[in-house]
Amino acid sequence: MSVDVIKDMSLDNNDCNKTFENSNSTQPDDKQINYKMDELEKKVKNEVLKTEDIEKKLKEAEQREEALIKRITEKDKTVAKMNGVIEAYEKAIAELIAEKEQLIQNYEKQLAEVKADRDSNYHHLTSLETTFSDLHVKYEKSKEMTCQLKANEEGLIAENRKNAENLRLQEQRYDKMKNHAMQQLEIANKKLECLTREHTMEITKLKALLKKEEIARSSMSEQLAQKSKENAELVKICDELISGQGS
């Protein structure tokens with residue numbers, strides 16, 4: 001039974017009391033009946049106040065439950081964002097490793113070409129030296145070619161050194177970036193672990209609070225149902241008293 005209905009019934013009871021007082025003023029039990037009716041009206045008003053208080057507490061419990069659910073959703077979003085940062089660091093490290101492997105392959109290819117050229121030149125120079133005594137002119141040309149090849153070899157060696165230096169610098173840069181990335185990854189992992197632990201604790205706490213609020217709300221609902229039942233019984237008693245007085 002709602003609060004407004006109970007209030008209307010209380011007003012109707014007041015009107016009934018006034019009517020019975022006017023119509024039965026000569027009966028000897030009017031004071032006793034009026035006293036009982038007043039007591040019942042007081043009890044009904046008290047039950048109305050208690051019912052309103054229970055409804056207010058139920059509303060507050062629902063608001064707290066909505067706030068707890070919102071906080072749980074925000075925690076989940078924070079953990080998802082940290083997972084995205086870690087994936088970005090892992091992708092950057094994979095790219096650095098692929099770049100280093102490509103540099104090593106290029107260096108090995110160039111080194112193999114230099115060695116093949118050197119071996120070819122050496123073989124050609126040996127052939128020229130065996131025919132030096134017979135072909136002086138050819139020797140002079142071979143010597144010129146040898147000088148050119150030597151210059152080319154020195155250029156290739158210099159370029160090889162340059163490539164080796166570049167490779168060393170790239171390795172240093174890679175190691176530096178790898179160390180930095182690993183440090184950042186370690187920091188991110190620690191932060192994620194801390195956030196995960198805090199999130200787990202917070203979720204557990206929030207779930208406990210939510211369960212507590214659900215139990216409190218269930219208890220209040222049961223109390224409200226009990227109060228409504230008691231109010232109905234009080235109204236029934238009032239109706240019976242009114243019917244008895246009328247008869």
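Residues numbered from 1 in each chain as written. Predicted model: local features only at pLDDT ≥ 70, side-chain atom pairs only at ≥ 80, totals over all residues. Heavy atoms only, no water.

Draft legend 1. Region of interest: the overall build of the protein chain. Looking only at helices and strands, the protein chain has three helices and zero strands in total. By the burial criterion, 23% of the 247 residues in the protein chain qualify as buried. Put simply, of all contacts in the protein chain between residues at least 6 apart along the chain, 92% involve residues at least 24 apart. Of the roughly 17,900 Å² of accessible surface on the protein chain, a fraction of 54% belongs to carbon and sulfur atoms. (Helix = DSSP H or I, 4+ residues; strand = E, 2+ residues; numbered from the N terminus. Buried < 20%, exposed > 50% of the residue type's maximum accessible area, 1.4 Å probe, protein only. Contact = heavy atoms within 4.5 Å. Areas by Shrake-Rupley, 256 points an atom, 1.4 Å probe, with all protein chains shown as cover.)

Draft legend 2. The arrangement of empty space enclosed by the protein in detail. Enumeration over the complete set of coordinates arrives at three cavities of 30 Å³ or more. Taken as a whole, the largest cavity holds about 70 Å³ of empty space. Forming the boundary of the largest cavity are L96, E99, K100, L103, L167, Q170, E171, R173 and Y174. If you list the elements that add at least two residues to the lining of the largest cavity, you get helix 2 (30-130) and helix 3 (136-246). It is helix 3 that provides the largest number of residues to the lining of the largest cavity, a total of five residues. Of the residues belonging to the lining of the largest cavity, the class tally is four nonpolar, one polar and four charged. (1 Å grid on protein atoms, 1.4 Å probe; cavity = no way out; pocket = protein on both sides within 12 Å on 5 of 7 lines; lining within 4 Å. Points joined across faces, edges and corners; volume = space filled by probe spheres on them. Nonpolar A, V, L, I, M, F, W, Y, C, P; charged D, E, K, R; others polar.)

Draft legend 3. Fine view of the pattern of salt bridges. Scanning the model with the defined rule gives nine salt bridges in all. Among the ionic pairs, R217 bridges to E65, the shortest N-O distance being 3.1 Å. Pair noted here: R217 is in helix 3 and E65 is in helix 2, with a separation of 152 residues, a long-range link. For E65, a relative accessible area of 15% puts it in the buried group. R168 serves as the salt-bridge partner of E165, at 2.2 Å between the closest nitrogen and oxygen. On the criterion of helical spacing, the pair formed by E165 and R168 is a turn pair, its members being three residues apart in helix 3. A residue is classified by how much of its surface remains accessible, and R168, at 36% relative accessible area, is partly exposed. (Salt bridge = Lys/Arg side-chain N within 4 Å of Asp/Glu carboxyl O.)

Draft legend 4. Examining the side chain of T51 more closely. Within the secondary structure layout, T51 lies in helix 2. In this structure the side chain of T51 is engaged in a polar contact, spanning 2.7 Å, whose partner is the backbone oxygen of E47. (Polar contact = N/O pair within 3.5 Å; in protein donor to acceptor, adjacent residues only side chain to side chain.)

Draft legend 5. Examining the confidence of the model for the protein chain more closely. Across the protein chain, the average pLDDT comes to 77, with 83% of residues at 70 or higher. Counting contacts from residues 1-28, a segment whose pLDDT is below 50, to residues more than four positions away or on other chains yields 31 contacts. (pLDDT = per-residue confidence, 0-100.)

Draft legend 6. Main features of the nonpolar core. Counting residues in each nonpolar core, the largest one holds eight residues, listed as V79, M82, I86, I93, A181, L185, A188 and L192. Of all the secondary structure elements, the ones that give two or more residues to this core are helix 2 and helix 3. Excluding residues that lie within four positions of it along the chain, V79 makes contacts with L192 and H199. (Core = buried A, V, L, I, M, F, W, Y, C linked by side-chain atoms within 4.5 Å.)

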